[in-house]
Amino acid sequence: MIKGIGMDIVEMGRIQEMLDRQPKFVKRILTEREEDTLCSLSERRKIEYMAGRFAAKEAYAKANGTGIGAAISFQDIEISKDGSGKPFFSKPEGTNAHLSITHSREFAAAQVVIEQ
């Protein structure tokens, strides 16, 4: 049974501005493991990665019915990749959620379906 569906889209330029203006933005959004991955990427790919993770975490919070805030934070959600590169939620543990992340030149978007 589906518990919730969430979707989010973010402008790449907005993420770039946040990275330029707020050095703590990365630590607020990404877990340590995600931040390690970010450090290994090219500058262009870093923006895509950040935007995709931001959109995915927002979409997860929407599908969960809580939004980002008191009930769940960006740090409570972690996204990993399986052997074929497919993203999945490694945090919160035991989450039965499906994730799709996409990028274009200007936008990153994510869709999440959480099952009970």
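What this report covers is the structure whose coordinates are included nearby. A quick note: this is a predicted structure, and the numbers were derived from the prediction, not measured.

About the criteria used
Residues numbered from 1 in each chain as written. Predicted model: local features only at pLDDT ≥ 70, side-chain atom pairs only at ≥ 80, totals over all residues. Heavy atoms only, no water. Salt bridge = Lys/Arg side-chain N within 4 Å of Asp/Glu carboxyl O. Helix = DSSP H or I, 4+ residues; strand = E, 2+ residues; numbered from the N terminus. Buried < 20%, exposed > 50% of the residue type's maximum accessible area, 1.4 Å probe, protein only.

A few words now on the pattern of salt bridges. Throughout the structure, instances matching the rule amount to seven salt bridges. With its nearest N and O atoms 3.6 Å apart, the salt bridge here joins Glu48 to Arg44. Residue Glu48 and its partner Arg44 are both found in helix α4 (residues 43-64); the two are separated by four residues, about one turn of the helix. For Glu48, a relative accessible area of 16% gives the class buried. Salt-bridge contacts for Glu48 lead to Arg45; the nearest nitrogen and oxygen are separated by 3.4 Å. Of this pair, Glu48 and Arg45 both sit in helix α4, three residues apart, roughly one helical turn. In this structure Arg45 comes out as partly exposed when scored by relative accessible area, which is 27%. The structure contains a network of salt bridges with shared partners spanning Arg44, Arg45 and Glu48.

Note that every value here comes from positions in space, so none of it alone points to a role or purpose.
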